[in-house]
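Fold and contact review
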Amino acid sequence: METAEAVARLNRQLPQLQRQQTLPAAWVAVHRAVLRSLATRGRPLDEGEIAAMPGIDDARGVIGRLADLDLIVTDTDRVRVLGAYPMTTEPTPHRLRLPACEVFAMCALDAVSVSAMFGLEVDIRSRCHVTGTPIHIRQLGMRIVQAVPSEQVRVGIRWQAPVGFAAHSMCMEMVFLRDPATAAGWRRGGEAHIDLFTLPEAVAFGAAFFVPLLSD
């Protein structure tokens, strides 16, 4: 699948940029600040930090609205921010080590998107969804510096509509697969709704989807 086609398909199911563009400028700034905080501190902004931002009169209302749009993930009370696509403080199979902190990615595609978003070197520790084989990827920007067990690692996506937060539904079917043979076996019988991406393809896809969230 071409990058533009993949981005268009994901935007139909999780239209992050379109939703962000419906918000007042001060609320967009909150969303971007949450993303940057996750990448630099390993945690999102809390309610007090959001309340202190310019143009924010009701921090809890802003958090609730961002959660309603599935731009951020919160606790069940819609008060405490847990993450913002592509990063989360909730444990997942995809651990990211950044220069100043550690955080989790919500899915395999998200894992290879963070370095491209922020231009930071990211060390990804995950596993093959099928075999459990450890997967280790070092990435700097758009470049895969190292991939273990090999550069033949694939990212697989089983396309489905999110239920509730996408992080707890659709993201569960965006996975790493150790090699082309494993990926082909995982896809067999579901070709109509499963796509496979090489690591460079996944990086390009993730960058095209997420980077626009940080700039006007």
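Here, every reference points to the structure presented above.
Read on for a plain summary of the structure.

**Thoughts on the overall build of the chain**
Within the chain one finds nine helices and eleven strands. C-alpha atoms of the chain, sized along the principal axes, occupy 55 × 35 × 30 Å. Sequence separation of 24 or more characterises 58% of the internal contacts of the chain that already satisfy a separation of 6 or more. A total of about 9,400 Å² of accessible surface is found on the chain, and carbon and sulfur atoms cover 51% of it. Distance from the positive charge centre (22 side chains) to the negative charge centre (23 side chains) of the chain: 4 Å.

**As for the sheet that holds strand E8 (residues 143-148)**
Across the sheet, eight strands lie side by side as E1-E2-E3-E5-E4-E6-E7-E8; this open sheet has antiparallel pairing. Pairing within the sheet leaves two strands with one partner each, and these edge strands are strand E1 (72-74) and E8. Contacts between helix H3 (residues 25-41) and the sheet are confined to E1, strand E2 (81-84), strand E3 (87-88) and strand E5 (102-105), with E2 contributing the most and set at about 90° to the helix.

**Comments concerning the layout of surface pockets**
When its volume is computed, the largest pocket comes out at roughly 240 Å³. Taken together, 16 residues line the largest pocket, and the ones lying closest to its centre are Thr 92, Pro 93, His 94, Met 106 and Met 172.

**With respect to the packing of aromatic side chains**
Under the definition given, this model contains three aromatic pairs. Pairing Phe 197 with Phe 205 gives two aromatic rings, centres 5.3 Å apart and planes at 40°, and the pair type is tilted. Geometrically, the ring pair formed by Phe 209 and Phe 210 is edge-to-face, given 4.9 Å between the ring centres and 90° between the ring planes. By relative accessible area, which is 4% here, Phe 209 ends up buried. Through a chain of ring-to-ring contacts, the aromatic side chains of Trp 159, Phe 197 and Phe 205 assemble into a single cluster.

**Observations regarding the environment of Val 122**
Mapping Val 122 onto the fold places it in strand E6 (residues 121-127). Residue classification places Val 122 among the buried residues on the basis of a relative accessible area of 1%. For Val 122 and Trp 186, which are 64 residues apart along the polypeptide, the C-alpha to C-alpha distance reads 27 Å. Each residue touching Val 122, except ones within four places of it in the same chain, is listed here: Leu 96, Arg 97, Leu 98, Val 114, Ser 115, Ile 137, Arg 138 and Gln 139.

**Some points on the packing of helix H1 (residues 3-13) against helix H9 (residues 199-210)**
Between two packed helices, the angle of one axis relative to the other and the distance separating the axes together describe the packing. At a closest axis distance of 9 Å, the pairing of H1 and H9 adopts a crossing angle of 50°. Judged on the interaxial angle alone, H9 and H1 are oblique. Along this stretch, H1 crosses H9, giving a crossing that reads as right-handed. Within the contact between the two elements, H1 uses Thr 3, Ala 6, Val 7, Leu 10 and Asn 11 and H9 uses Ala 204, Phe 205, Ala 208 and Phe 209. Along the lines of polarity and charge, the residues of the contact of H1 with H9 split into seven nonpolar, two polar and no charged.

**Some details on the sheet that holds strand E11 (residues 194-198)**
A sheet is described by the order of its strands in space; here three strands give the open sequence E10-E9-E11, paired in antiparallel fashion. The open sheet has two edge strands, strand E10 (174-177) and E11, and neither has a second partner. Taking the axes of each pair of neighbouring strands and ignoring which way they run, one obtains an average angle of 25° across the sheet. Pairing of strand E9 (residues 154-158) with E10 involves four bridges; the strand directions are antiparallel.

**Quick look at H9**
Spacing of three or four residues puts side chains on the same side of an α-helix, whose turn is 3.6 residues. Taking 1.5 Å as the rise per residue, H9 with twelve residues should run 16 Å; its terminal C-alpha atoms sit 16 Å apart, in good agreement. Taken together, the buried positions of H9 are occupied by Leu 199, Ala 202, Val 203, Phe 205, Gly 206, Ala 207, Phe 209 and Phe 210.

Reading guide: rules and limits
- Residues numbered from 1 in each chain as written.
- Predicted model: local features only at pLDDT ≥ 70, side-chain atom pairs only at ≥ 80, totals over all residues.
- Heavy atoms only, no water.
- Helix = DSSP H or I, 4+ residues; strand = E, 2+ residues; numbered from the N terminus.
- Contact = heavy atoms within 4.5 Å.
- Areas by Shrake-Rupley, 256 points an atom, 1.4 Å probe, with all protein chains shown as cover.
- Lys, Arg positive; Asp, Glu negative; His and termini not counted.
- Charge placed at Lys NZ, Arg CZ, Asp CG, Glu CD.
- Pairing = 2+ DSSP bridges.
- Axes fitted to C-alpha atoms, helices over the stretch in contact; angles between N-to-C directions.
- 1 Å grid on protein atoms, 1.4 Å probe; cavity = no way out; pocket = protein on both sides within 12 Å on 5 of 7 lines; lining within 4 Å.
- Points joined across faces, edges and corners; volume = space filled by probe spheres on them.
- Phe/Tyr/Trp six-rings, centres within 6.5 Å; stacked < 30°, edge-to-face > 60°.
- Buried < 20%, exposed > 50% of the residue type's maximum accessible area, 1.4 Å probe, protein only.
- Parallel < 35°, antiparallel > 145°, perpendicular 65-115°, else oblique.
- Left-handed = near helix turned anticlockwise from the far one by under 90°.
- Nonpolar A, V, L, I, M, F, W, Y, C, P; charged D, E, K, R; others polar.
- Expected span 1.5 Å × (residues − 1).

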